[in-house]
Amino acid sequence: MDGRIPGVHEISGPSRAFLIDGDEGVTLVDTGMPKRDGAVLEALQKIGRAPQDLRAILITHSHSDHVGSAAAVKQRSGAALFASPGEAAAIRGEEPTTPPPMFDRFSFLRPLFRFVPSAAPVEVDVEVTEASSEGLPGDLGVIDTPGHTPGHVSYLLDRAGGVLFAGDAAVANRRGAVRRGYMNASTPTFDASLRHLADHEFEIALFAHSRGIYEGAAAAFRTFARAMG
């Protein structure tokens, strides 16, 4: 748990998830690996909330380290689950999820993706995009960030100067500089998403697989976008 952002709490693990506490209930951004629902419920308890206070589960993309505990958390809380149309079929278990770009760069590793623990299928209640985010809590918006997967989205919270939940759209290094991350690759789609994020304003950026940037985050994205050329 992390108290540096008012009402925003990190759930640590191999893939970070985040709780957003608000007047209308609690929102969860991603759920971590399978069998992490206990960690989510423990995090709710630590902030004085019960499972039924969880109103929305926001999924950035369909990889099991992000949606792995969604079915269990949804069942135990009754929260509505939000995801993009491009990820919904994989989240429902109707088609396989797309491996990250690293497996295109190193194709000999692609068979290993089959050994990643799979997520239980779960219903997507509301499909959201940047152009259509109706139903989300009022202080949250969607930014389309395809590249890591075809339907990857990020979420932007209107609080503390703007808080970006980037999922796997990027990472930050120890100096607070934005990087693609080793699971990603420079492709026209992925790099366009990074430039698109750099067009937005936010003070803080939180990532699934690195420490966050807590000051000047949008400027860090713009610096990286300029370096891409």
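The structure displayed is predicted, hence computed values, not measured ones. (Residues numbered from 1 in each chain as written. Predicted model: local features only at pLDDT ≥ 70, side-chain atom pairs only at ≥ 80, totals over all residues. Heavy atoms only, no water.)

Engineer: An account of the packing of helix α1 (residues 37-46) against helix α3 (residues 70-77) is needed here, citing residue identities and associated values.
Structural biologist: Remark: α1 packs on α3, axes separated minimally by 9 Å, with the N-to-C direction vectors making an angle of 45°. As far as their axial angle goes, α3 and α1 are oblique. Together, Asp37, Val40 and Leu41 of α1 and Ala72, Val73 and Arg76 of α3 make up the contact between the two elements. Partitioned by chemical class, the residues of the contact of α1 with α3 number four nonpolar, no polar and two charged. (Axes fitted to C-alpha atoms, helices over the stretch in contact; angles between N-to-C directions. Helix = DSSP H or I, 4+ residues; strand = E, 2+ residues; numbered from the N terminus. Parallel < 35°, antiparallel > 145°, perpendicular 65-115°, else oblique. Contact = heavy atoms within 4.5 Å. Nonpolar A, V, L, I, M, F, W, Y, C, P; charged D, E, K, R; others polar.)

Engineer: Go over the pattern of salt bridges, please, and point to the residues and values.
Structural biologist: Applying the stated criterion across every chain yields a total of eleven salt bridges. Ionic pairing is found between Glu201 and Arg222, a salt bridge with its closest N-O pair at 3.4 Å. With a gap of 21 residues between them, Glu201 in the loop between α6 (188-198) and β12 (204-206) and Arg222 in helix α7 (residues 217-228) connect regions that are remote in the sequence. The network of salt bridges with common partners includes Asp21, Arg49 and Asp53. (Salt bridge = Lys/Arg side-chain N within 4 Å of Asp/Glu carboxyl O.)

Engineer: Break down the side chain of Thr31 for me, with residues and values.
Structural biologist: When you line up the elements, Thr31 lands in the loop between β3 (25-29) and α1. Within polar-contact distance, the side chain of Thr31 engages the backbone nitrogen of Ser69 at 3.0 Å. A polar contact of 3.2 Å, which involves the side chain of Thr31, links it to the backbone nitrogen of Ala70. (Polar contact = N/O pair within 3.5 Å; in protein donor to acceptor, adjacent residues only side chain to side chain.)

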